[in-house]
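An overview of the molecular structure
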Amino acid sequence: MVAVSDKIICKQREVLEGSDIELLMLDVHYSKNKSFMFGVFYRPLASDTRCLEILQKNLELLAPQAEIVLVADFNLKDVEWTSRLMLKNSVDYELFSDILSDNFLTQVVLQPSRGVSILDLVLTNNSDVICDVEVGEPISHHNRIVAVILSRGPLTKRQVIC
């Protein structure tokens, strides 16, 4: 679920092959001709590569210069984020690495969000738009993550809680 103030202009994107995937994509407009894509994605632990393939297809539809902010739980814990090294060799990790590289996505959460693992991700292709990332107290079995999205124009600072 994503809650958006009625003062923010946003439009939900249609998601390809989306009935069985947990993916929500919004175009958030912060000035007359400027926007970014805000997405929320969940990959169940026991899922096959299809979830990642569908995410990849949907990201491919974005304009090449589109700014992306994607909050997600990929349930892929074997990543060393400071070097972006995949610690496990599998089709899922290879596809995940391709998604990150193809879209120039950087992970901004560098503290564990579930036990000792970083499962809850805030990914962006423009690290200048995300600041003040905090991993907070647990909510259910994951920790709360708060990040501030900065934009140029009438929207100047927005808080996102994952």
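Predicted, not measured: the structure shown is a model, and the values here were computed from it. Residue numbers restart at each chain and count upward from 1, following the sequence in its written direction. Reporting of local features is limited, given that this is a predicted model, to residues whose pLDDT is at least 70; pairs of side-chain atoms are given and counted only at 80 or more, and all residues count toward the totals for whole chains, interfaces and linings. Just so you know, side-chain values use all the structure's heavy atoms and leave hydrogens and water out.

Let us now look at the sheet that holds strand S2 (residues 22-31). Note on pairing: DSSP must find at least two bridges between two strands before they are called paired. Secondary structure elements follow DSSP: runs of H or I of four or more residues count as helices, runs of E of two or more count as strands, with numbering from the N terminus. If you walk across this open sheet you meet the 6 strands as S1-S2-S3-S4-S8-S7, and the pairing is mixed. Of all the strands in the sheet, just strand S1 (9-12) and strand S7 (106-107) have a single pairing partner and so form its edges. Pairing of S1 with S2, which is carried by 4 bridges, proceeds in the antiparallel orientation. Residue pairing for S2: Gln12 is matched across the bridge by Leu26.

Aromatic pairs are defined between Phe, Tyr and Trp rings, using the six-membered ring for Trp, whenever the two ring centres lie within 6.5 Å; interplanar angles under 30 degrees are classed as stacked, those over 60 as edge-to-face, and all others as tilted. Per the stated rule, a full pass over the model turns up 3 aromatic pairs. Summarising the aromatic geometry, the rings of Phe41 and Phe74 are spaced 5.0 Å apart at their centres and angled 45 degrees between planes, so their arrangement reads as tilted. One end of the pair, Phe41, is in strand S3 (residues 34-42); the other, Phe74, is in the loop between strand S4 (67-73) and strand S5 (79-80), with 33 residues separating them in the sequence. Each member of the pair, Phe41 together with Phe74, is buried. Between the aromatic rings of Phe74 and Phe96, the centroid separation amounts to 4.5 Å while the plane-to-plane angle is 45 degrees, which identifies the pairing as tilted. Of this pair, Phe74 sits in the loop between S4 and S5 while Phe96 sits in helix H2 (residues 91-102), and the two are 22 residues apart along the sequence. Relative accessible area serves as the criterion here: at 1%, Phe74 is assigned to the buried category. Between buried and exposed lies partly exposed: a residue is buried under 20% and exposed over 50% of the maximum accessible area for its type, with that area taken using a 1.4 Å probe on protein chains only. Accessibility expressed as a relative area gives 0% for Phe96, which makes it buried.

For strand S8 (residues 120-124), a buried count of 5 out of 5 residues is recorded, marking the element as mostly surrounded by other parts of the structure. Side chains of S8 alternate between two faces, with Asp120, Val122 and Thr124 and Leu121 and Leu123 buried alike. Sheet analysis places S4 next to S8, joined by 5 bridges and oriented antiparallel. Among the inter-strand pairings, Asp73 is bridged to a residue of S8, identified as Asp120. Alignment of S7 against S8, held across 2 bridges, turns out to be antiparallel. Note on S8: the bridge partner recorded for Gln107 is Leu123.

Okay, the layout of surface pockets next. Points on a 1 Å grid over protein atoms alone make up a cavity when a 1.4 Å probe fits among them but cannot get out, and a pocket when they form an open set with protein on both sides within 12 Å along at least five of seven lines; lining residues each have an atom within 4 Å of a point. Grid points are joined across faces, edges and corners, and a volume is the space filled by probe spheres set on the points. Taken as a whole, the second largest pocket encloses approximately 180 Å³ of empty space. In this structure, the second largest pocket is lined by Arg13, Asp27, Tyr30, Ser35, Phe36, Met37, Leu62, Ala63, Gln65, Ala66 and Glu67. Broken down by secondary-structure element, the contributors of at least two residues to the lining of the second largest pocket are S2 and S3. The dominant element in the lining of the second largest pocket, judged by the number of residues it contributes, is S3, at 3 residues. Under the scheme applied, nonpolar residues are Ala, Val, Leu, Ile, Met, Phe, Trp, Tyr, Cys and Pro; charged residues are Asp, Glu, Lys and Arg; polar residues are all the others, including Gly. Partitioned by chemical class, the residues of the lining of the second largest pocket number 6 nonpolar, 2 polar and 3 charged.

Quick look at the pairing of strand S10 (residues 142-150) now. In terms of strand pairing, strand S9 (residues 130-139) meets S10 through 6 bridges, oriented antiparallel. Pairing of Ile139 across the sheet is with His142, part of S10.

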